[in-house]
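# Chain and residue survey
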Amino acid sequence: MGLVGSAVKTVTKLATSDKVALATATAVGAAGVKYWLDKPSRAYTSDSVAREYDAWTADGILEYYWGEHIHLGYYSPEEMEAGYKKKNFIQAKYDFIDEMMAFGGINADEDKGANVLDVGCGFGGTSRYLAKSLGPEANVTGITLSPNQVKRGTELAEERGIKNAHFTVMNALEMDFPDNSFDIVWACESGEHMPDKEKYINEMMRVLKPGGKFVMATWCQRDDRGKPFDKKDERDLKFLYEEWTHPYFISIQAYEELIAATGFMNVAKTADWVKETIASWRHSIWVGVYDPRGFIFKPTKYWKCVKDAYCLERMHRAFDRGLMEYGMFAATKKDLEP
């Protein structure tokens with residue numbers, strides 16, 4: 001019995017040792033993965049926005065899940081109460097456009113012959129939607145830094161027979177259009193990528209006609225003038241800047257001040273649509289979980305998909321805790337003085 005007891009003790013010690021080793025290895029591995037996920041990999045450079053959007057367009061994953069609209073969706077209070085996952089993810093994006101049109105006072109009755117500029121058009125989902133919504137007499141021009149997005153946007157317009165939506169590669173900070181060219185200037189989630197927010201606003205106001213309508217949606221960070229950012233805030237913002245090639249964000253108040261400072265615009269209407277849009281972040285993750293076909297046959301994109309899913313969750317948490325805000329802006333340009 002002594003020999004047997006000794007053997008049992010030895011086996012027990014070895015088993016315990018193995019468990020400790022396994023637990024240690026798991027903890028180290030988890031820490032390594034967390035370190036890798038928390039290390040941003042796509043910091044902003046002068047060509048990073050065009051390069052990343054060219055890549056996203058070429059691999060097709062973003063279009064598979066987000067459809068033609070590279071922006072967040074809109075969820076009503078009733079839809080949130082019922083459970084956001086019950087809503088069609090793509091329909092939420094169309095609903096967002098409708099709500100943004102209403103916010104900016106844009107409709108087919110008043111704007112059926114409008115000349116429209118879509119600043120940062122992606123592969124043109126909103127441009128095509130506006131072209132159809134405002135009717136054949138309207139003309140919509142979408143601009144982007146990505147040649148692949150222009151190519152894809154043009155292909156989709158031709159497939160759908162939408163002849164009044166056109167796309168071109170152009171820098172929003174140095175637009176080729178003359179002053180007072182457009183009846184409507186529309187900007188949906190493009191300000192995030194702009195390295196000079198003041199020039200971004202000034203250029204859009206410059207090309208808008210007197211009496212014209214301006215409407216913008218953009219991710220904003222909270223105003224830190226009353227409550228400065230702490231170290232966690234700064235770390236979180238740095239990650240959000242550098243993982244999805246953003247130079248920096250500014251606050252809703254700062255954008256409002258930039259619009260007023262142009263001297264061209266009537267008082268801007270602003271809002272924070274965090275409650276209406278926040279479901280988009282986690283909904284984006286769940287559509288991939290429910291339907292992996294968009295990426296499962298593209299093994300070279302697996303790590304990128306993991307990083308993007310992690311960033312989606314980090315975005316959700318930043319908006320949820322008030323570090324980030326969803327800025328909405330609408331204004332009209334002053335009429336020329338006689």
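This text follows the structure it describes.
Rules used in this analysis
- Residues numbered from 1 in each chain as written.
- Predicted model: local features only at pLDDT ≥ 70, side-chain atom pairs only at ≥ 80, totals over all residues.
- Heavy atoms only, no water.
- Pairing = 2+ DSSP bridges.
- Helix = DSSP H or I, 4+ residues; strand = E, 2+ residues; numbered from the N terminus.
- Axes fitted to C-alpha atoms, helices over the stretch in contact; angles between N-to-C directions.
- Expected span 1.5 Å × (residues − 1).
- Buried < 20%, exposed > 50% of the residue type's maximum accessible area, 1.4 Å probe, protein only.
- Contact = heavy atoms within 4.5 Å.
- Patch = residues over 30% accessible without salt bridge, like charges linked within 9 Å, V, L, I, M, F, W, Y side chains within 5 Å.
- Areas by Shrake-Rupley, 256 points an atom, 1.4 Å probe, with all protein chains shown as cover.
- Salt bridge = Lys/Arg side-chain N within 4 Å of Asp/Glu carboxyl O.

Turning to the sheet that holds strand β2 (residues 139-144), a few remarks are in order. Read from one edge to the other, the open sheet built from 7 strands follows the order β3-β2-β1-β4-β5-β7-β6, with strand pairing classed as mixed. Two strands in the sheet have a free side with no partner beyond their single neighbour: β3 (165-169) and β6 (269-272). Shown here is a sheet whose adjacent strand axes are inclined to one another by a mean of 15°, direction ignored. One ladder, built from 4 bridges, connects strand β1 (residues 115-119) with strand β4 (residues 182-188); its direction is parallel. The residue of β4 that forms the bridge with V116 is I184.

Its 12 residues place the ends of helix α13 (residues 279-290) 16 Å apart at the C-alpha level, agreeing with the 16 Å of an ideal helix rising 1.5 Å per residue. If you check which residues of α13 are buried, you get A279, S280, W281, H283, S284, V287 and G288. The inward-facing, buried residues of α13 contact α3 (61-66), α4 (77-82), α5 (89-103), β5 (208-221), α12 (274-277) and α14 (302-320).

Take a nonpolar patch on the surface next. A surface patch of nonpolar side chains, amounting to about 410 Å² of accessible area, comprises V33, W36, W303 and V306. Elements with a contribution of two residues or more to the nonpolar patch: α1 (2-38) and α14. If you trace the backbone, V33 turns up in helix α1. Using a relative accessible area of 46% as the deciding quantity, one classes V33 as partly exposed.

The next thing to look at is α5. In this model, α5 (15 residues) spans 21 Å end to end at C-alpha, consistent with the 21 Å of a helix rising 1.5 Å per residue. Those residues of α5 that sit buried are F89, A92, K93, D95, F96, I97, M100, M101 and F103. Of the residues trailing α5, G105 is marked for its positive phi of about 70°.

The phi dihedral of N180 falls on the positive side, at around 55°, and the residue is not glycine. Relative to the elements of secondary structure, N180 occurs in the loop between β3 and β4. Taking the relative accessible area as the measure of exposure, N180 reaches 33% and is therefore partly exposed. For E189, which is not a glycine, the phi torsion comes out positive at approximately 55°. The topology assignment puts E189 in the loop between β4 and α9 (197-207).

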